[in-house]
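Summary of structural features
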Amino acid sequence: MGVVLNLEDGKREAASIKDLIDLTAADMGRVNELILSKAGSDVQMIPEIANHLISSGGKRLRPMLTLAAAQMFGYSGDGHVKLATSVEFMHTATLLHDDVVDESGMRRGKKTARMIWGNQASVLVGDFLLGQAFRMMVEVGSLDALDILSTAASIIAEGEVMQLAAAKNLDTTEDEHFAVIKAKTAALFSAAAEVGPVIACASRTDRAALRSYGMNLGLAFQLIDDALDYGGSSKDLGKNVGDDFREGKVTLPVILAYRRGTAAERTFWKRAIEENVADDAGLEKAIGLMTRHGAISDTISRARHFGEIARDALAPLEKTPQKAALIDVIDFCISRVN
């Protein structure tokens, strides 16, 4: 089923991360080489599973944030390449674990690793990648960077458990949902952005600016993903449209539509989410209810709000090509709903 909503009243040219890609191209070449090297193992299944996900076409946005943030403050070593690779391995490990927890069948248009090799192998290879990430952090030799990324790893795991505890719970509040996505998604964006100025020995003020930028960018990014699940395309999402609904995930559009709905509508949501009666007809009805109550448009408005906070975080910093590229990332994340 392909129900695609017009999520914007007017159309404008989509934002681009081309400048970010161009600025980090040389360093990303080194990151990609390191990814292939560190994903290697004499245990054949490890590189098979790791490369299945690593080679599946993700934008590698998080490591590019690390590279650009380090460049922004004049860093000239090679530690940023190892930290960027660590960030990507942390993200990849999270995806492997997520797909097991969520029982997902598709990821970026391909079968998930768990569907091919099984849940146990997916979890264990995710653990291997986390181990490799921490080895690279240690090699860089920055205790501050190690602290930031290891703390993020703990927070991400907490977010996973929080989401599991709140699964299918329609009494979840908006604040509780923000706490989950802050931990699950935004924490890694924040850490990825902050370790750049850390290894460049930038000031505490500069570190705080990039930390805030990353955190609010991550919140905006996830809220747009929440909206796209009910009105985007599989190409935009990297998974099937409606997967959140079929998996019974209580995301912000669901929370808003449920709270604003009539008693009869809330009965529908309970049946769909809590009792897992979520077929294509149910998805179509869910999208209709969200549209009626402004749940998707308000989710996008909240994403824009966090995007503006991210933009303001960078405002006091010196004007550089990297700063301009990081601002473009905000616009790009929001523009996915155009």
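Residues numbered from 1 in each chain as written. Predicted model: local features only at pLDDT ≥ 70, side-chain atom pairs only at ≥ 80, totals over all residues. Heavy atoms only, no water.

What characterises a pair of aromatic rings is the spacing of the ring centres plus the angle enclosed by the ring planes. Per the stated rule, a full pass over the model turns up five aromatic pairs. Relative to Phe306, the ring of Phe178 has its centre 5.5 Å away and its plane inclined at 75 degrees; by these criteria the two rings are edge-to-face. Taken as a pair, Phe178 in helix α8 (residues 174-199) and Phe306 in helix α15 (residues 295-314) lie far apart in primary sequence, 128 residues in all. For the pair Phe245 and Trp269, a centre-to-centre distance of 6.4 Å together with 80 degrees between the ring planes defines the contact as edge-to-face. With Phe245 in helix α11 (residues 243-246) and Trp269 in helix α13 (residues 263-274), the pair connects residues that are 24 residues apart, well separated along the chain. Comparing Phe245 with Trp269, the two get one shared label, buried. Counting every residue linked through ring pairs, the aromatic cluster contains Tyr230, Phe245, Phe268 and Trp269. Across from the ring centre of Phe221, 5.6 Å away, lies the NZ or CZ of Arg62, which sits over that ring. A cation sits over an aromatic face here: Arg336 above Phe221, 4.3 Å from the ring centre. (Phe/Tyr/Trp six-rings, centres within 6.5 Å; stacked < 30°, edge-to-face > 60°. Helix = DSSP H or I, 4+ residues; strand = E, 2+ residues; numbered from the N terminus. Buried < 20%, exposed > 50% of the residue type's maximum accessible area, 1.4 Å probe, protein only. Lys NZ or Arg CZ within 6 Å of the ring centre and 35° of its normal.)

What follows is about the layout of surface pockets. A probe matching the size of a water molecule, rolled over the atoms, marks out where space remains unfilled. In this structure, the second largest pocket occupies an estimated 330 Å³ of space. Taken together, 16 residues make up the lining of the second largest pocket; nearest its centre are Asp102, Gln163, Ala167, Lys168 and Lys249. Secondary structure elements with two or more residues in the lining of the second largest pocket: α4 (79-102), α7 (143-165) and α8. For the lining of the second largest pocket, the element with the highest residue contribution is α7, accounting for three residues. Split by residue class, the lining of the second largest pocket holds six nonpolar, four polar and six charged. (1 Å grid on protein atoms, 1.4 Å probe; cavity = no way out; pocket = protein on both sides within 12 Å on 5 of 7 lines; lining within 4 Å. Points joined across faces, edges and corners; volume = space filled by probe spheres on them. Nonpolar A, V, L, I, M, F, W, Y, C, P; charged D, E, K, R; others polar.)

Quick look at helix α6 (residues 119-140) now. In this model α6 runs 32 Å from its N-terminal to its C-terminal C-alpha over 22 residues, within 8% of the 32 Å that 1.5 Å per residue would give. The complete set of buried residues in α6 reads Ala121, Ser122, Val125, Gly126, Leu129, Gln132, Ala133, Met136 and Met137. For α6, the angular spread of buried residues about the axis comes to 155 degrees, placing them on one side. Turned more than 90 degrees from where α6 packs its buried face, Gln120, Leu124, Arg135 and Val138 sit exposed. (Expected span 1.5 Å × (residues − 1). Arc of directions from axis to C-beta.)

Here the focus is empty space enclosed by the protein. Inspection of every chain in the model, using the stated rule, returns two cavities of 30 Å³ or more. The calculated volume of the largest cavity comes to roughly 70 Å³. Lining the largest cavity are 13 residues, and of these His52, Leu53, Asp99, Thr112 and Ala113 lie nearest its centre. Those elements giving two or more residues to the lining of the largest cavity turn out to be α2 (45-54), α4, β2 (110-111) and α5 (113-117). The residue makeup of the lining of the largest cavity, split by class, is four nonpolar, four polar and five charged.

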